[in-house]
Amino acid sequence: MAALSAWFWNERFWLPHNVTWADLADPAPGVEYPKAGHLLAALPLAVGIFAVRILFERFIASACARRLHIQAGVGRRAQPNAVLEKVFTSITTNPDTRHLDGLSKQLDWDVRKVQRWFRHRRNQDKPGTHTKFCESMWRFTFYLGIFIYGLQFLWQSPWLWDTRHCWYGYPYQVMTSGLYHYYVIELAFYWSLMFSQFIDIKRKDFLVMFIHHLATVGLVSFSYANNMARVGSLVLCVHDTSDFLLEAAKMANYAKYQRLCDFLFIVFSVVFFITRLVIYPLWVLNSTMFESWAIVGPFPSWWLFNILLLVLQVLHIFWSYLIFRIALKALLRGKVRPIYLSNHNRILVFCFGVLGVSGTTQMHFLLKPEKWIEEKSRPLKSKST
């Protein structure tokens with residue numbers, strides 16, 4: 001075990017040349033450097049956040065949903081049938097023609113009746129609009145709160161105004177209480193999302209989103225462990241900037257305030273473009289790739305960190321293109337509507353989610369059931385705003 005730990009925490013990988021873990025182990029009195037063990041505090045905090053979420057959704061978000069006439073009604077349920085239930089749970093939830101014909105003969109049912117049963121049974125496992133509204137309101141509240149906290153903290157930090165301060169004195173940079181709290185709260189939130197997946201209604205993207213949350217936890221922990229938390233806080237803030245807008249747009253959609261929904265989606269798109277295509281490459285990547293090279297110099301974990309950030313930028317460009325198409329057609333046609341997309345697009349969700357760091361769990365809203373893609377079908381009646 002000791003050999004495995006020594007291999008994993010190899011100084012040649014994690015630290016710049018001529019720096020050892022021993023150099024960081026005994027700081028001056030009143031000075032604290034990041035240690036991986038500090039992040040263990042995120043686990044009990046994640047349990048607390050999850051408990052707060054349950055109370056928030058049950059007593060606050062649910063009341064808001066009812067005020068907006070979003071009722072927690074139960075949809076049409078499939079009639080009990082042991083044979084079909086066994087097929088549904090152990091073989092397939094969407095039987096092909098061969099299975100349908102066989103079940104039709106076995107039960108002496110019309111094929112359409114069998115299809116209808118499976119459709120109703122699948123819908124039973126889908127969260128209702130009330131549930132989705134409550135989840136979005138919780139995420140909106142958290143994302144807005146953490147964005148305000150992060151911006152307020154960074155406003156007083158020198159590296160917000162001059163990113164070279166991310167690297168001056170690296171890795172001997174003091175971990176302030178504000179930076180520590182920012183990191184631990186973000187990390188605890190994603191731990192809480194992992195917990196909640198096993199308790200919430202299980203969805204089709206369970207594995208995709210679980211891997212996304214796990215990767216986010218890994219990336220945040222990685223930047224903390226090698227004391228790149230200053231530039232990491234900038235990455236978190238850039239991604240937090242648009243997340244609450246997306247959740248607000250989703251809430252407007254669930255409440256059928258279509259004009260407000262369209263407006264918020266356009267605002268989200270503009271903010272997304274500015275933060276991901278302008279601020280992120282010109283501000284964050286410029287610092288991690290060029291300023292750090294000049295001040296600190298490259299080392300193995302530096303290369304890995306920058307490769308991940310560059311891949312993330314490629315995904316930013318790709319997603320910005322998709323969002324631009326959605327926003328443009330919403331402006332031209334005056335409507336953004338949800339439709340179902342193919343499994344091919346779920347793969348794109350997976351790729352973006354794994355490398356999306358903060359907030360990209362919400363980008364699956366664009367490419368999974370209840371996605372926001374224009375639809376040419378009948379117009380949707382909307383409430384006035």
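Residues numbered from 1 in each chain as written. Predicted model: local features only at pLDDT ≥ 70, side-chain atom pairs only at ≥ 80, totals over all residues. Heavy atoms only, no water.

### Let's talk about the environment of C134
- Here C134 lies in helix 8 (residues 129–155).
- For C134, a relative accessible area of 5% translates into the label buried.
- In this structure C134 touches E57, A61 and S62, once residues within four positions along its chain are discounted. (Helix = DSSP H or I, 4+ residues; strand = E, 2+ residues; numbered from the N terminus. Buried < 20%, exposed > 50% of the residue type's maximum accessible area, 1.4 Å probe, protein only. Contact = heavy atoms within 4.5 Å.)

### Looking at the packing of helix 4 (residues 42–67) against helix 10 (residues 177–197)
- Between helix 4 and helix 10, the shortest axis-to-axis distance is 8 Å and the interhelical angle comes to 65 degrees. As for the relative orientation of helix 4 and helix 10, their crossing is right-handed in sense. Taking contact as the criterion, the partners of A42, L43, L45, A46, V47, I49, F50 and R53 in helix 4 are, on helix 10, V184, I185, L187, A188, F189, W191, S192, F195 and S196.
- Broken down by class, the residue content of the contact of helix 4 with helix 10 amounts to 14 nonpolar, 2 polar and 1 charged. (Axes fitted to C-alpha atoms, helices over the stretch in contact; angles between N-to-C directions. Left-handed = near helix turned anticlockwise from the far one by under 90°. Nonpolar A, V, L, I, M, F, W, Y, C, P; charged D, E, K, R; others polar.)

### Thoughts on the nonpolar core
- F189 and M228 are the most contacted members of the largest nonpolar core, which totals 74 residues.
- If you list the elements that add at least two residues to this core, you get helix 4, helix 8, helix 9 (158–161), helix 10, helix 11 (206–225), helix 12 (229–254), helix 13 (258–295) and helix 14 (300–333).
- Ranked by residues supplied to this core, first place goes to helix 12 with 12 residues.
- If near-sequence neighbours (up to four positions away) are discounted, F189 is found in contact with I49, W138, F142 and Y143.
- One finds A78, L84, L103 and W109 within the second-largest nonpolar core, a separate group that totals 11 residues. (Core = buried A, V, L, I, M, F, W, Y, C linked by side-chain atoms within 4.5 Å.)

### Digging into helix 11
- A rise of 1.5 Å per residue sets the reference length of helix 11, with its 20 residues, at 28 Å; its end C-alpha atoms lie 28 Å apart and thus fit the reference within 8%.
- Downstream of helix 11 by one or two residues, N227 has phi in the positive range, about 60 degrees. (Expected span 1.5 Å × (residues − 1).)

### Section: the UniProt feature "transmembrane region" (unreviewed entry) in the chain
- As annotated in UniProt, the feature "transmembrane region" (unreviewed entry) corresponds to residues 36–56, 140–160, 180–199, 261–283, 303–326 and 347–367 in the numbering used here.
- With 90% helix and 0% strand, residues 180–199 has its two end C-alpha atoms placed 29 Å apart.
- The annotated region residues 261–283 carries 100% helix and 0% strand content, and the separation between its end C-alpha atoms amounts to 31 Å. (UniProt positions renumbered as here; feature names shortened; annotations may be inferred.)

### Section: the packing of helix 10 against helix 12
- Contact pair helix 10 / helix 12: the axes reach a minimum separation of 11 Å and the direction vectors enclose 55 degrees. The orientation of helix 10 relative to helix 12 falls into the category oblique. The chirality of how helix 10 crosses helix 12 is left-handed. Here L179, Y182, Y183 and E186 of helix 10 lie close against helix 12, whose contacting residues are A229, R230, G232, S233, L236, C237 and D240.
- Among the residues making up the contact of helix 10 with helix 12, the classes are represented as 6 nonpolar, 2 polar and 3 charged. (Parallel < 35°, antiparallel > 145°, perpendicular 65-115°, else oblique.)

### A short note on the packing of aromatic side chains
- Inspection of the entire model under this criterion finds 34 aromatic pairs.
- Taken together, a centroid distance of 5.5 Å and an interplanar angle of 70 degrees make the contact between Y143 and F189 edge-to-face. Of the two residues, Y143 is situated in helix 8 and F189 in helix 10; the sequence distance between them amounts to 46 residues. Each member of the pair, Y143 together with F189, is buried.
- Among the aromatic side chains, those forming a connected cluster through ring pairs are F8, W9, F13, W14, W21, F222 and F305. (Phe/Tyr/Trp six-rings, centres within 6.5 Å; stacked < 30°, edge-to-face > 60°.)

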